Amino acid sequence: MCGIVGYVGKQKAAPLIIEGLKRLEYRGYDSAGVAVLQDGRFAVAKKTGRVANLEGETAKHRLHGTHGIGHTRWATHGGVTDANAHPHVSSDGKIALIHNGVIENYAHIKKFLLGKGYTFSSETDTEVLCNLIAYHYAKEPAAANGDSRFVESVRKTLRHAEGTYGIVIMALDLPGELVTARKGSPLILGLGDGETLVASDVSAIVSRTQNVVYLKDGEIAHLTPTTCAITTLSSGTVQTVVDKVTWSIADSELGAHAHFMEKEIFEQPTALENAMRGRFAEDGSTARFGGLNITPGEFRTVDRFMFCACGTALHACMVTEHLIERFARIPVECDYASEFRYRNAPLFRNSLFFVMSQSGETIDTLAALREAKRKGYKVLAINNVVGSTIAREADGGIYQHVGPEVGVASTKAFTSQLLIGAMLALYIGRMRDLSFSEGTEIVNALKGTPDLVRQALAQAPHIKAIAKRFAKVTDMLFLGRMSLFPIALEGALKLKEISYIHAEGYPAAEMKHGPIALISEECPSVFFAPNNELFNKVVSSMQEIKARKGPIIAIITEDAELPAGLADEVIRIPRCHEAVLPIVASIPVQLLSYYIAVERGCDVDKPRNLAKSVTVE
Ligand code: AGP
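Residues numbered from 1 in each chain as written. Predicted model: local features only at pLDDT ≥ 70, side-chain atom pairs only at ≥ 80, totals over all residues. Heavy atoms only, no water.

Peer 1: How should I be thinking about the packing of aromatic side chains in this particular structure?
Peer 2: Where two aromatic rings form a pair, the distance of their centres and the angle of their planes describe that pair. Counted by the stated rule, this structure contains 11 aromatic pairs. A ring pair is formed by Phe 289 and Tyr 427, whose centres lie 5.6 Å apart and whose planes are at 80 degrees; its orientation type is edge-to-face. With Phe 289 in the loop between helix H7 (268–276) and helix H8 (296–300) and Tyr 427 in helix H13 (residues 412–431), the pair connects residues that are 138 residues apart, well separated along the chain. Judged on exposure class, the residue Phe 289 and its partner Tyr 427 are both buried. Each ring, one from Phe 299 and one from Tyr 427, has its centre 5.5 Å from the other, and the planes form 80 degrees; the classification is edge-to-face. On the criterion of sequence distance, the pair formed by Phe 299 in helix H8 and Tyr 427 in helix H13 is long-range, its members being 128 residues apart. Here Phe 299 and Tyr 427 have matching classes, each one buried. Grouped by ring-pair contacts, the aromatic residues Phe 289, Phe 299, Phe 305, Phe 307, Phe 354 and Tyr 427 constitute a single cluster. Taking NZ or CZ as reference, Lys 110 lies 4.9 Å from the ring centre of Phe 120, over its face. (Phe/Tyr/Trp six-rings, centres within 6.5 Å; stacked < 30°, edge-to-face > 60°. Helix = DSSP H or I, 4+ residues; strand = E, 2+ residues; numbered from the N terminus. Buried < 20%, exposed > 50% of the residue type's maximum accessible area, 1.4 Å probe, protein only. Lys NZ or Arg CZ within 6 Å of the ring centre and 35° of its normal.)

Peer 1: Teacher, can you tell me more about the sheet that holds strand E8 (residues 178–183) here?
Peer 2: Think of a sheet as strands paired side by side through backbone hydrogen bonds, with each pair either parallel or antiparallel. Judged by pairing direction, the sheet is antiparallel, and its six strands sit side by side in the order E5-E6-E7-E8-E12-E13 without closing on themselves. Edge positions in the open sheet fall to strand E5 (88–89) and strand E13 (228–232), since each of these has one partner strand only. Relative to strand E12 (residues 219–223), E8 runs antiparallel, the two sharing five bridges. Each bridged residue has a counterpart across the sheet, and for Arg 182 the counterpart in E12 is Glu 219. (Pairing = 2+ DSSP bridges.)

Peer 1: Sorry if this is basic, but what is going on with the pattern of salt bridges here?
Peer 2: In a structure, side chains of opposite charge can pair up when their charged atoms sit close to one another. What the rule picks out here adds up to 32 salt bridges. Of the charged contacts, one joins Lys 60 and Glu 57 as a salt bridge, the two residues approaching to 3.0 Å between their closest N and O atoms. With a gap of three residues between them, Lys 60 and Glu 57 both fall in helix H2 (residues 51–61), about one helical turn apart. Between Asp 568 and Lys 546 there is a salt bridge, with the nearest N and O atoms lying 3.0 Å from each other. Placement of Asp 568 in the loop between strand E23 (552–557) and strand E24 (569–573) and of Lys 546 in helix H18 (residues 535–546) is noted, with a sequence separation of 22 residues between them. A relative accessible area of 28% means that Lys 546 is categorised as partly exposed. Linked through salt bridges whose partners overlap, the residues forming this network are Arg 182, Asp 217, Arg 370 and Glu 393. (Salt bridge = Lys/Arg side-chain N within 4 Å of Asp/Glu carboxyl O.)

This is the structure in structure tokens:
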């Protein structure tokens, strides 16, 4: 949560920072602010609301300096006010700072600083960092270990800070220098031509440079327009490793679409092609992955898989569970990462852990990974953002390769997780009981996924009309069975997130054990009813809803036939293999949620109270 950008170079800093903040707005949009060091002072502009509001505000401040920091906020401590917006300036006026994270012991530090005469003008936890750095900076002589006084005062401060942070700091008497440090919140450095940037995400950097350094937890970087010196909290030196970003700026632009969510929904055929490219064995009977860092022999010793994730990614894990158990006959357990990290679950000796995360920065998923590693387990990650913290801390893994996902509601990342989950189930299954011909059948089905998704997307105008009809409801149920139960959960989550309609996902047969009490003419149910062995059972569940006057939207495969008049609306999807069905069935619910949200006038890409990657507990 929160997006941060710092710039030091030859250009005017404010416009570059604001451009970066616009790209990071998905991380938080309660307020935004920028501070530029110019004419011997910090010129600060802050405003509640979107970065667009800030843009108007900066015009009044004549920001011309070439050295600055900016922030877009997702509020944790303190309400959504101009005063609580970042950047914050220390009460002695010497230090300006932006922060992404939470300082858990801020009350204790604040008490200490009040005793030293520092004052506070916001309700945030962040302001203590700013004042504590100022305190150490004022006391610090030229550092004995050769570090600058600036870096040493930040280091001393962070030794006392409990919680999480990605911070960027300016000192009033040091034009042309930034210090940045992280623990638990992502930070990427961009090394440009006579300029250096720092941001929460590469999308705020790629328009200036593709040379980046992924800062690690516990590291502090001292930046000037031409240098980048990294050390650790304990004063150790760090070798700077420069990576090349493969994304281009066009990947994170809207193009002709109204919203990123729409763009990303329609990008899915290509995204899926990218996710599977080069990942099938030459004999065409199984999948192959380059970065698992685990031998087939090790895989064969596994007698239980454990998957941890949050939100949409957890739904993808649940589908993967179903497919691994079907194809490989190995038990799989899925858990909310936020619960796993604390519940001290008894684990099987030969368990193998997977975490799934689009961003690779979700704090609960990261904590689950660390907990499993602490207990001595290998942890593999399925992750989209190259170089993310989870990717770096995992023992190996699989990148999703679907490019940046900007819409807060995950779509293409979700279906690529489903695809990779299916490929993984195939890979493990082929090490066990799946035959060559079963393997080739699944491979052929998976290769056909992008075309099937294209066919499902062709239903968009029909789904838009259905969305118009149901856009005013206040409750909706999503019901599916087997591997489509997690898709029902996902459909409900999508609708809730972006349209603020109360929605629940259930196994279709479970509905009569409670949720049926919600059914009325005002509460529609979305049913997944593919033509498979449970089709008639799902039809019976529909009859139970119909008997209570509940409207039904049925998502059926094209070869299925429903009793006349049972469903109020029918959406047909292509008939497909069970490995592919959850992917294809996701498309109508993504479109339905999207069009309903648009019809209700909701801000689809920036839903209220949410942020794209949740980096606080
Ligand atoms: C998806 O639509 C949600 N915004 C959310 O549930 C998300 O999937 C969850 O926060 C996990 O994110 P991650 O995949 O980046 O770890």
